[in-house]
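Geometric and topological summary
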Amino acid sequence: MSAFFGDSGSDCRTNEGVSPLKVRTTQKRRIIADVAARVGMWGATLMVMIPIFLIFYYIAKKGLPTMDWEFLTQSQPFSMRARGGGFVHGLIGTLIMVGLAALISVPLGVLGAIYLVEYGKGRPLAQVVRFFSDVMTGVPSVFVGLFVYTALVIPYGFGAVMGAAALAIIMLPIVVRSSEEMLKLVPRELKEASYALGAGKWQTITRVVLPTAAPGITTGVMLAVARAAGETAPLILTALGSLEIVTKMVGEPIASLPVLVFTGARNPFPAGQERAWAGALELLLLVLVFTLLARIASSRNKLQQ
Amino acid sequence: MGERRDLVLRGGLQRLMKRGAGRLADPVFAVVTGIAGLAVLIILAYMVVVTTYTAVPVFRSQGWSFIFSTDWSPSEGKFGAFAFIYGTIITSLIALLIAVPLSLGVALFLTEIAPRWIRGPVAYLVDLLAAVPSVVYGLWGVFVLLPGFLQPIATWLSVKLGWIPIFAGPATGLSFFGAGVVLAIMIIPIITSLCREILKAVPVGEKNAAFALGATRWEMIRGAVLPRAKAGIIGAVMLGLGRALGETIAVALLVGSRAQVTASILQPGYSMAAVIANQFQEATGDHVSALVGVGVVLFGITIIVNVAARVLVWRMVES
Amino acid sequence: MINSNQYKSNRYKDGVLLVCRRALVLVVVLAVTVGVFGLLTSRSPAGRGGSLDIADSSSSLQAIGSSSSPRTGLNGVGASFPQPLYLEWIGAFRDLNQGVKINYQGMGSGGGIQQLTQLTVDFGASDAPMNDEEMAAAEQAAGSRVLHIPAVFGAVVVSYNVEGLEDLKLDPDALAGIFLGDITRWDDVEIAVLNPGVALPDQAIQVAHRSDASGTTSIFTTYLSRISSRWDDTVGKGKEVKWPVGVGGQGNDGVSAVIMQQPGTLGYVELSYALESGLPVVALKNKAGNFVMPSLESTLAAGRGVDFPDDLRFDLSDAIAADAYPIVGATWILAYEKMKDPVKAEALKAFLNWALENGAEIAEELHYAPLPEGLKSRALEQVNSIH
């Protein structure tokens, strides 16, 4: 029993002045609490696994029959009832927009986080920035779309850059806040040792702090990318959508996977809905590939080896 | 861990010593990071200005009833957003009630008690949950979760516990409850993965100290891990809440879209983000300003929520 | 030991570089994927017809405007109701005029009007005609009149899910009663009188409606307002209204999901959606007093005997023809009479001419009713005034 429940020394020590009975019941209560907590943790994990499997099973079941080479390499046919064709125009659009958004938001967000943790510590500006980053994560994505629509689309028209701008705004606070949490975890001794050797702050940050926090930052960035890749509402208002592959960055509406999934699912014809589910699967796989790449990268650069 | 730090230290510092410290680079870098930090404020301020400017006509014509009235009928030019505000808060609360214990459970499981071989796969699976686009959550919610799970549970609750006002029937699947459950599933990976990182950061020494005092693992978690991680966990929960407050498509698909204020969570309701998503594309004129106004109010609410959370964290840190 | 550390320290390099490198990996992957797929697909622009053969119908059609075939792109947004049709029209037109790239996105009727007014698109589309205020705003923005070009008629049907019930009949009063919340049970006398000999269950009626603003709702509530003064007074018509009862589903699929999943539910969806999803539909009593099932023929019949105004902003609700289905609406393409870019004007003219002249077959296949002859020629007049 005790081998299972405790790496700890849970053996009964007799305390002076406490009756053995009381000790035993206390001990019992402690063990029950411990078991209950373990059961709770296992239970929580199992419960969370259920929707995960349900979602993936269902998407795979609905998406796989339509998912083939043609789907991955062709644009949708000019027909909602015709089978065949695919969402390559959406895939390209999503890659372009998420890529652009990451190029904007990741450097900006990580630098901002560095400011919060290293330079602005305790300063009111840092407090304000941190506070409003939290606020920004709560801004509904459709609202971000609305803003970009007013600020960029009305003067310049729909386009990839406008979609990317909306996605970047959605990603930025996530990158800032998650990077900040990771940077905060870098042990102080590490930095102090660096300073002690005469390194400046800049060098300490780039050579000691960032490499230590990099795997964690990557996780945060992946969360942000995953969120951006799946955003639907803001893209409807900024990138709109297209029927064919678009490579122009400004002034021409461009398709994206989530918007195609969304519109496809509302299509009355089975062919359109089938494409929508395959699109959902494709979108999921795309994000999976990103996550895997990040994992490989971060495991290669793992600081402990 | 120790060895890892050692390596980084030696590796980085040897290079430092070779190059010498670039004194000029330091202030430049400081300014650059400061500007990046400011970018968040600038973007947000610009957003607030642009949107508030758009919403002003409606704020002016509706006055306080914009926030406190439930009468939302665009065709009559009446815009009272209270039902949406209420719905946003209720669905987010339901989501938090479900998601926080579960996420914390999973995070503790992964960091404290899980067998080593299970940690990687479980953590990865939970992270995958974050990758599911909200439109897919919504569709899955309507076609799988609603008939197979939400509807039976809602019916059961209304039959067995219907005498409690919050479970009053008749139960509709599309409801505050339905939207809350899906929101919970959506925010679980966010809270879990952040909590996990935070729990991992609790020094091993403190844990061992607790064990050395004879604590069981749960006592160690309660005594050594949770107090230290509390502030971080609240931060993680706030990020989850942020997502729940602003989630659009999935809620729009599941909340039932009825602008009403009811005590029962089994009744259809509405949320602020959902009403924007549902109505914006068809809106013209004042209706557009009103929807933008709803967004501005949502801003306001997230600010209030954040202030509240911050006060909580400060209190905890102090005590 | 020191050597290995130095080796490792080189590997770690700058933290910035580390993060950058990862970003670089992503970007390279992005670029390669984009490039590869771009190459793969750009070579075969014609090879995407899908398995449905629409070449047959298009080959027999003459290519209007193919002689002048301008090289340009047109962007349009608007109603999602006619999107399946516009998509196929675009595809068939594209086969004949390779130079014209047309993009249509079903955003919603309001979106179509708004984008047209904001000048972010070349044409709009709407299930409801623009009102005078909207017309004035657009005219002011573009310095040109907005034309309403009717494309097709469509029907909105009432669908339900009651076990064992397959041919339900309703009259306007009963329908309005259900949506007003006056009639709450399936075995209500008002329903029973209309369905003699049909076993109606003792079950509550749950109403399902669209939660997103839509042209379908507009067509449906326009009808209810016309047949019920109480509805007109208390609820009114619009793309989204304040429903007295019921739950909202998003889109046609959302409403039909509620209907299918919850026994006792009654709701409205587009004709093509009901036909494709196989939901049972209600036969409605029309103005002439006949119970009419929704179909292409009964939708077409709604256009008979209607007096169309000059600007073609008309209303087909509760039509007078004996065999007309009562809940019918038209969908319009919205364009400026004077467009900024003459090449685009020519392209749009060519497309709309082709669609109105030759698009009827595709429309019927998709359960839309093409325009009757008289209205078609008037629509073409409008099209040809574009310049």
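Residues numbered from 1 in each chain as written. Chains lettered and ligands numbered in written order. Predicted model: local features only at pLDDT ≥ 70, side-chain atom pairs only at ≥ 80, totals over all residues.

1. Observations regarding the overall build of chain C
Secondary structure assignment for chain C yields 16 helices and 12 strands. Buried positions account for 54% of the 387 residues belonging to chain C. (Helix = DSSP H or I, 4+ residues; strand = E, 2+ residues; numbered from the N terminus. Buried ≥ 20, exposed ≤ 12 C-beta atoms within 10 Å, placed from the backbone.)

2. Things to note about helix 7 (residues 176-200) of chain B
Residues and elements named next belong to chain B. Spanning 25 residues, helix 7 covers 35 Å between terminal C-alpha atoms, matching the ideal 36 Å at 1.5 Å per step. Maximum bend of helix 7: about 35°, positioned at isoleucine 187, with proline proline 189 one to four residues after it. Across the 25 residues of helix 7, 24 count as buried, placing the element largely inside the fold. (Expected span 1.5 Å × (residues − 1). Bend = angle between axes of the 7 residues up to and from the residue.)

3. Focus: the interface of chain A and chain B
Opposite the 95 residues of chain A that make contact, chain B presents 90 residues. No other element matches the 20 residues that helix 2 (residues 20-63) of chain A contributes to the side of chain A that touches chain B. Taken together, the residues of the side of chain A that touches chain B break down into 62 nonpolar, 24 polar and nine charged. (Contact = placed C-beta atoms within 7 Å. Nonpolar A, V, L, I, M, F, W, Y, C, P; charged D, E, K, R; others polar.)

4. Description of the pairing of strand 4 (residues 146-161) of chain C
All names here are of chain C. Burial analysis of strand 4 places 16 of its 16 residues in the buried class, which makes it a mostly covered element. In the sheet, strand 4 pairs with strand 11 (residues 328-336) via nine bridges, with the strands oriented antiparallel. Counterpart to leucine 147 in the pairing with strand 11 is alanine 335. Judged from the two bridges that link them, strand 4 and strand 12 (residues 369-370) form a sheet pairing that is antiparallel. Note that in strand 12 the partner of phenylalanine 153 across the bridge is alanine 369. Strand direction decides the pairing type here: strand 4 and strand 8 (residues 265-270), joined by six bridges, are antiparallel. (Pairing = 2+ DSSP bridges.)

5. Overview of the sheet that holds strand 5 (residues 169-170) of chain C
All names here are of chain C. Pairing in this open sheet of three strands is mixed, and the strands run 5-9-10 from one edge to the other. In this open sheet, the two strands that pair with only one neighbour each are strand 5 and strand 10 (291-292). Across two bridges, the pairing between strand 5 and strand 9 (residues 283-285) is parallel. In the strand pairing of strand 9, leucine 170 is matched with leucine 284.

6. A word on the domain arrangement of chain C
Split by domain assignment, chain C resolves into domain 1 (4-153 + 331-384) and domain 2 (156-301). Tallying the contact residues gives 14 residues for domain 1 of chain C and 14 residues for domain 2 of chain C. (Domains from an automatic or database assignment.)

7. Considering the confidence of the model for chain A
Residues and elements named next belong to chain A. Residues of chain A with pLDDT of at least 70 account for 89%, and the chain-wide mean is 84. Confidence drops under a pLDDT of 50 for residues 1-15, and excluding neighbours within four residues, the segment shows 23 contacts in the predicted structure. Taken together, the stretch residues 301-305 has pLDDT below 50 and engages in 10 contacts with residues farther than four places along the chain or on a different chain. (pLDDT = per-residue confidence, 0-100.)

8. Side note on the packing of helix 4 (residues 88-119) of chain A against helix 7 (residues 160-184) of chain A
Residues and elements named next belong to chain A. For the pair helix 4 and helix 7, the least separation of the axes is 6 Å and the interaxial angle reads 35°. Crossing geometry of helix 4 relative to helix 7 is assigned as right-handed. Here the residues of the contact of helix 4 with helix 7 sort into 24 nonpolar, six polar and two charged. (Axes fitted to C-alpha atoms, helices over the stretch in contact; angles between N-to-C directions. Left-handed = near helix turned anticlockwise from the far one by under 90°.)

9. Here's the deal with the confidence of the model for chain C
All names here are of chain C. Scored by pLDDT, chain C comes out at a mean of 82, with 82% of its residues at no less than 70. Counting interchain partners and residues more than four positions distant, the pLDDT-below-50 stretch residues 1-17 has 25 contacts. Scored below 50 in pLDDT, residues 34-69 shows 61 contacts in the model against residues more than four places distant or in partner chains. This prediction of the complex comes with two scores: 0.79 for pTM and 0.78 for ipTM.

10. Describing the packing of helix 4 of chain A against helix 5 (residues 124-137) of chain A
Residue and element names in this part refer to chain A. Running from amino to carboxyl end, helix 4 crosses helix 5 at an angle of 135°, the nearest separation of the two axes being 9 Å. Comparing the axis directions of helix 4 and helix 5 gives the class oblique. Helix 5 is crossed by helix 4, and the crossing has left-handed handedness. Taken together, the residues of helix 5 that come into contact with helix 4 (itself represented by Gly112, Tyr115 and Leu116) are Ala126, Val129 and Arg130. Across the contact of helix 4 with helix 5, the residue classes break down as four nonpolar, one polar and one charged. (Parallel < 35°, antiparallel > 145°, perpendicular 65-115°, else oblique.)

11. Quick word on helix 5 (residues 116-131) of chain B
With 16 residues, helix 5 of chain B extends 24 Å from end C-alpha to end C-alpha; this agrees with the ideal 22 Å at 1.5 Å per step. By the burial criterion, the buried members of helix 5 of chain B are Val122, Ala123, Val126, Asp127, Leu129, Ala130 and Ala131 of chain B.

12. A few points about the environment of serine 317 of chain C
Residues and elements named next belong to chain C. Tracing the backbone through its elements, the reader meets serine 317 in the loop between helix 13 (296-301) and strand 11. Spatially, the C-alpha atoms of serine 317 and threonine 221 are 9.7 Å apart, while their sequence positions differ by 96 residues. In contact with serine 317, not counting residues within four places along its chain, are Thr222, Tyr223 and Arg226.

13. Description of unusual backbone geometry
For serine 257 of chain B, which is not glycine, the phi torsion reads 50° and is therefore positive. Within the secondary structure layout, serine 257 of chain B lies in the loop between helix 10 (249-254) and helix 11 (272-279). Taking the number of C-beta atoms within 10 Å as the measure of exposure, serine 257 of chain B has 31 and is therefore buried. Phi angles above zero are rare outside glycine, and leucine 119 of chain C is one such case at about 65°. Note on placement: leucine 119 of chain C falls in the loop between helix 5 (109-118) and strand 3 (123-126).

14. A few points about the pairing of strand 3 of chain C
All names here are of chain C. The alternating pattern of strand 3 places Phe123 and Ala125 and Gly124 and Ser126 on opposite faces, both of which are buried. When strand 1 (residues 72-78) meets strand 3, the two strands line up parallel, connected through three bridges. Residue pairing in the sheet places glycine 78 in a bridge with alanine 125 of strand 3. As judged from the three bridges shared by strand 3 and strand 11, these two strands associate in the antiparallel manner. From the neighbouring strand, serine 126 faces strand 11, where its bridge partner is tryptophan 332.

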